[in-house]
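A closer look at the structure
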Amino acid sequence: MDHTANTVLVVEDEAEIREMLSFTLSRAGFTVWEAESAEQALGMLDRQLPSLAIVDWMLPRMSGVDLAARLRRDAFTAELPIIMLTARGEEADKLKGYDSGIDDYLTKPFSPRELVARIRALLRRAGKPDDGAINIGGMTLDLRSHQLRVEGQPVKLGPTEFRLLEHFMTHPNRVFDRAQLLDHVWGRSIYVEERTVDVHVLRLRKALKPFGLDKHVETVRGVGYRFTP
Ligand code: CA
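Residues numbered from 1 in each chain as written. Predicted model: local features only at pLDDT ≥ 70, side-chain atom pairs only at ≥ 80, totals over all residues. Heavy atoms only, no water.

Quick look at the pairing of strand S2 (residues 31-35)
Remark: a regular strand shows side chains that alternate across the two faces of the sheet. Looking at chain direction, strand S1 (residues 7-11) and S2 are connected through five bridges and run parallel. Pairing of Val-11 across the sheet is with Ala-35, part of S2. Of the crossover connections in this fold, the one passing from S1 over helix H1 (residues 15-27) to the parallel S2 is right-handed. (Pairing = 2+ DSSP bridges. Helix = DSSP H or I, 4+ residues; strand = E, 2+ residues; numbered from the N terminus. Right-handed = clockwise from strand over helix to strand, strands pointing away.)

Structure, rendered in structure tokens:
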């Protein structure tokens, strides 16, 4: 599990617009997280990620642009797709000049239909490859059959090791601490001791070792683990 499926974070201080967005998105089948400030949004993104964020430019204290830039700098949120809401065309023009990593923007007022269409397009672009497989360094992770193949040969992996490897392969070079891995791989609703992560990382390495691929799963001292292609 990576992003919490079909969940959209809405960051907008005006209650009326926030409620309209929430209503529109819920009706389109999305789960909506609402934040009325950048600070509140950052708190919500501490441990879990939505599929996408809709961020209003004009927010009290920290602006939507500053929030987006901050999310891009943090490895945990760096790839979160962001749609920026702007009030005027002038802001939209200004936005083009920013290299803040905003994926798309919408100028108010917009139609609910357009918003949903933009979200779906962005989620498609940010999605996993169409063939349902991830290929890195001779390893092929087949997401449909839940099978790992190395040089075409199937490798036996437990379901947790599979999900762990999937998480690593979809987030190469990022360091995750044990709590983050528990949230992403085991899910937040399950209580598991952090030591459990070490046990499954060990099993994953053991499965990869005969192919000399265990070195890809690195221990980062005092922090956690990282997958390096
Ligand atoms: Ca606003």
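Considerations on the sheet that holds strand S7 (residues 139-142)
Backbone-to-backbone hydrogen bonds join strands into a sheet, with any given pair of strands oriented parallel or antiparallel. In spatial order, the strands read S6-S7-S8-S9; together these four strands make up an open sheet with antiparallel pairing. Looking at the sheet topology across the chains shown, the edges are occupied by strand S6 (133-136) and strand S9 (153-155). Each strand axis lies, on average, 25° off the axis of its neighbour in the sheet, ignoring direction. Pairing of S6 with S7 involves four bridges; the strand directions are antiparallel. Pairing of Ala-133 across the sheet is with Asp-142, part of S7. Across the sheet, helix H6 (residues 159-170) lies against S6, S7 and strand S8 (147-150), angled at about 115° from S7, the strand it touches most. (Axes fitted to C-alpha atoms, helices over the stretch in contact; angles between N-to-C directions. Contact = heavy atoms within 4.5 Å.)

Structural notes on the coordination of the calcium ion
Within the first shell, the calcium ion binds the protein through Glu-12 (OE), Asp-13 (OD), Glu-14 (OE), Asp-56 (OD) and Met-58 (O), at distances of 2.1 to 3.0 Å. Along the chain, the residues donating to the calcium ion fall in the pattern E-D-E-x41-D-x1-M. With Glu-12 in the loop between S1 and H1 and Asp-56 in strand S3 (residues 52-56), this pair connects stretches of sequence that are 44 residues apart. The pair formed by Glu-12 and Asp-56 is uniform in burial state, with each residue classed as buried. (Donors = N, O, S within 2.8 Å, 3.2 Å for Na, K, Ca; no water. Buried < 20%, exposed > 50% of the residue type's maximum accessible area, 1.4 Å probe, protein only.)

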